[in-house]
Amino acid sequence: MNFLAPIGAFFLSFLRHTGRLINFCGIALSHCVRPPIYPRLILRQMIEIGYFSLPVVGLTAIFTGMVLALQSHTGFARFSAEGAVATVVVISITRELGPVLAGLMVAGRIGAAMAAEIGTMRVTEQVDALVTLATNPFKYLVAPRIIAGFITLPMLVLVADIIGVFGGFVVGAYKLGYNPATYLHSTWEYLKPLDVISGLVKASVFGFIIALMGCYHGYHSKGGAQGVGQATTNAVVSSSILILTLNYVLTALFFDK
Amino acid sequence: MSQTPKIQLIDVHKSFGAKTVLDGITVDIAPSESFVIIGGSGTGKSVTLKCILGLMRPEQGRILVDGLDVVGMRPREREEVLRKFGMLFQGAALFDSLKVWENVAFGLIQGHKMERRKAKDKAVEKLYAVGLGADVGELYPAELSGGMQKRVGLARAIATEPEIIFFDEPTTGLDPIMADVINDLIVKCVKELGATAVSITHDMHSARKISDRMAMLHRGRLVWVGRTAEVDQSDNPFVDQFIHGRAEGPIKMELRR
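Only a predicted model underlies this, so the values are computations on that prediction, with no experimental measurement involved. (Residues numbered from 1 in each chain as written. Chains lettered and ligands numbered in written order. Predicted model: local features only at pLDDT ≥ 70, side-chain atom pairs only at ≥ 80, totals over all residues. Heavy atoms only, no water.)

### Things to note about the overall build of chain B
Stated formally: The helix and strand labels rest on DSSP assignments: H or I over at least four residues marks a helix, E over at least two residues marks a strand, and numbering proceeds from the N terminus. Radius of gyration here is computed from C-alpha atoms only, and the compact-globule reference equals 2.2 Å multiplied by the residue count raised to the power 0.38. Exposure is judged per residue with a 1.4 Å probe applied to protein chains only, and the accessible area is read against the type maximum: over 50% gives exposed, under 20% gives buried, and values in between give partly exposed. Any two residues whose heavy atoms approach within 4.5 Å are treated as being in contact. Working definition of accessibility: Shrake-Rupley area with a 1.4 Å probe, residue cover restricted to the visible protein chains. Asp and Glu count as negative and Lys and Arg as positive, but His and the ends of the chain are not part of the count. To locate a charge, take NZ of a lysine, CZ of an arginine, CG of an aspartate or CD of a glutamate.
Scanning chain B from terminus to terminus reveals eight helices and 10 strands. In terms of C-alpha radius of gyration, chain B reaches 18 Å, essentially the compact-globule figure of 18 Å for 257 residues. Expressed along its principal axes, the backbone C-alpha trace of chain B runs to roughly 55 × 40 × 40 Å. Of all 257 residues assigned to chain B, the portion counted as buried reaches 52%. Restricting the contact set of chain B to residue pairs at least 6 apart, pairs at least 24 apart contribute 65%. Within the structure as shown, chain B displays about 12100 Å² of accessible surface, and the carbon and sulfur contribution to it stands at 50%. The average position of the 35 basic charges and that of the 34 acidic charges among the side chains of chain B differ by 4 Å.

### Some points on the pattern of salt bridges
Basically, it comes down to this: In the sections that follow, a salt bridge refers to a side-chain nitrogen of Lys or Arg positioned within 4 Å of a carboxyl oxygen of Asp or Glu.
Scanning all chains against the criterion turns up 22 salt bridges over all chains. Close ionic contact of K50(B) with E125(A) constitutes a salt bridge, the shortest N to O distance being 3.6 Å. You can see K50(B) sitting in helix α1 (residues 45-53) and its partner E125(A) sitting in the loop between α4 (85-123) and α5 (126-132), one on each of two chains. Residue K50(B) is classed as buried on the basis of its relative accessible area of 18%. A relative accessible area of 16% means that E125(A) is categorised as buried. Beyond isolated ion pairs, a larger network of salt bridges with shared partners links R122(A), E125(A), D128(A) and K50(B).

### Brief notes about a nonpolar patch on the surface
For clarity, the threshold we go by: A residue counts toward a patch only above 30% relative accessible area and without a salt bridge, and it is joined to like-charged neighbours within 9 Å or, for Val, Leu, Ile, Met, Phe, Trp and Tyr, to nonpolar neighbours within 5 Å.
Where nonpolar side chains cluster on the molecular surface, the patch consists of L43(A), I47(A), Y51(A), F52(A), L54(A) and V159(A) and spans about 550 Å² of accessible area. For Y51(A), the location among the structural elements is in the loop between α2 (39-49) and α3 (54-76).

### Thoughts on the pairing of strand β9 (residues 213-218) of chain B
Residues and elements named next belong to chain B. In plain terms, the rule: We call two strands paired when DSSP finds no fewer than two bridges between them.
Most of β9 is tucked away: six of the six residues are buried. Alternating positions in β9 separate into two faces, R213, A215 and L217 on one and M214, M216 and H218 on the other, with burial throughout. Pairing analysis gives four bridges linking strand β3 (residues 34-38) to β9, with the strands arranged parallel. Its bridge partner lying in β9, I37 is registered against A215. As defined by bridge partners, β9 adjoins strand β10 (residues 221-227) across six bridges and the pair is classed as antiparallel.

### Quick word on the interface of chain B and chain A
Our working rule: Here the buried area means the combined drop in accessible surface, using a 1.4 Å probe, for two parts upon being joined, counting both sides.
In this complex, chain B contributes 25 residues to the contact, which on the side of chain A involves 18 residues. Summed over both sides, the interface between chain B and chain A buries roughly 1900 Å², with carbon and sulfur atoms accounting for 57% of that surface. Summed over the shared surface of chain B and chain A, the number is two salt bridges. Broken down by secondary-structure element, the contributors of at least two residues to the side of chain B that touches chain A are α1, α2 (75-82), β6 (85-88) and α3 (100-111) of chain B. At four residues, α3(B) tops the list of elements feeding residues into the side of chain B that touches chain A.

### Re the packing of aromatic side chains
In plain terms, the rule: Only the six-membered ring of Trp is used, alongside the rings of Phe and Tyr, when aromatic pairs are assigned; centres must lie within 6.5 Å, and planes under 30 degrees apart are stacked while those over 60 apart are edge-to-face, with the rest tilted. Two conditions define a charge located above a ring, namely a distance within 6 Å from the ring centre to NZ of Lys or CZ of Arg, and an angle within 35 degrees of the ring normal.
Considering all chains together, one arrives at 14 aromatic pairs over all chains under this definition. Where F24(A) meets Y216(A), the ring centres are 5.3 Å apart and the plane angle is 80°; that geometry is what we call edge-to-face. With F24(A) in helix α1 (residues 4-33) and Y216(A) in helix α8 (residues 193-219), the pair connects residues that are 192 residues apart, well separated along the chain. We classify F24(A) as buried; its relative accessible area is 3%. Between Y178(A) and Y183(A), the aromatic rings sit 6.2 Å apart at their centres with planes inclined by 55°, giving tilted as the arrangement. There is no split in this pair, since Y178(A) and Y183(A) are both buried. Members of the aromatic cluster, each reached through a chain of ring pairs, are F24(A), F138(A), Y216(A) and Y219(A). Lying over the aromatic face of Y219(A), R122(A) brings its terminal NZ or CZ to 4.7 Å of the ring centre. Positioned over the ring face of F95(B) is R156(B), at 4.8 Å from the centre of the ring.

### A short note on the packing of α4(A) against helix α9 (residues 225-255) of chain A
Residues and elements named next belong to chain A. What counts is decided by this rule: Axis lines are fitted to C-alpha atoms, over the contacting stretch for helices. Their N-to-C directions set the angle, which ranges from 0 to 180 degrees. For classification purposes, angles smaller than 35 degrees are called roughly parallel, those larger than 145 roughly antiparallel, those between 65 and 115 roughly perpendicular, and all remaining angles oblique. By definition, turning the near helix anticlockwise from the far helix through less than a right angle yields a left-handed crossing, and turning it clockwise yields a right-handed one. Ten residues, namely Ala, Val, Leu, Ile, Met, Phe, Trp, Tyr, Cys and Pro, are considered nonpolar, four, namely Asp, Glu, Lys and Arg, are considered charged, and the remaining ones, Gly among them, are considered polar.
Running from N to C, α4 and α9 cross one another at 150°; their axes reach a closest spacing of 8 Å. Accordingly, the angle class assigned to the pair α4 and α9 is roughly antiparallel. Classified by chirality, the crossing of α9 by α4 is right-handed. A breakdown of the residues in the contact of α4 with α9 according to their chemical character gives 14 nonpolar, 10 polar and two charged.

Structure (structure tokens):
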């Protein structure tokens, strides 16, 4: 019977962690919608998430757009469908690659930073110090990050969409020899508002997930440097997996009719 | 005692898993007295303070602050109670993302909703009270020495003029002279505010200097409570062993040989 014990222990620990996460999420959300709200802290997080992630997200987007144009051109040439390249690029970027890749990059950059910062505050008793100064750590640390993630990631993804489509355009017009005007025209022609909107909704959800996982793992980190390192890893891994899982779920909700 | 105790612990139990840390603590702490809990490492001193602050929840027993039971209090009410408290943490626990003066003014700005400019004047005044100049206020905590960080921590603890101040190992990790400076500051600040002070320490020199009454914690129980002047005639083998720092006696260190 001994081989069943680890399975049971694993299952119980899974349930415990899930319960703790849902509890954390509930408390965090209730603080997001109840005053007082700290605009200064939200703004600071927005700058951190949005502005300082621009270079890395921009680079990801432009190369993705470029490679997408190149790949779909060589692939579609097999059945003479090169005319669809511009459409394929814009739809793939806005629907999928913009939000997912930006989400994953931001998870690595911001999720990790949040977990490390809050984790260090936890192990050096700064979180306890907040409580003794009559300040709720959820209100002061968690809520501003979640609100900022939720608002900022769509903005970031909108910029990434534009840069990605531009990357595709550059390759299409100057390397593959498409007429620039025709390329731009077919980019616009078949693009529907829902393509962009679904991508931005995904971005909001991902922004929320990244901030939630960063804060959750940081808040519950224990031990010293090792515990904070573990929290950082957990934050990045769990938010990345959740992003990819929820991406499927959201795509199914939007387009699977 | 004729007056109601400021803090009252009644049969408080706290354990972590199978490990019992507090095994029935009962004690009354009178208003404006300085109470010191002494005891070795890992005897539950910090846990006692954390239970009173509500950072941990005891499984059994009652904790009354000004006659109000704080165990299981709603977060809103607890925040009101926490406004009466100030605490100096062992590692100072200064917020490293904020300047020194913002640290000191934190409780005033966040907890008491004071204007930033007014709070800054107050912070500078408190820094002065612990022997630091206004120029220190513009630095970040990481730029200060350990002794200075402790003094800033003390300034932050007294900034809101709390009714109750907790000191967690105030002299640990400091050189003997700086330790005495901190002791003097504690005595001075507590007297000026007329606050109730609860300290935990294993530094007997410090304990004698800052306390009116002492209690000795051993294995989750208070084995002796009495006036500081009586500590040398306690006839308690635990206390005798501790204050003389002997390895032999009723307190056995759990060493494996």
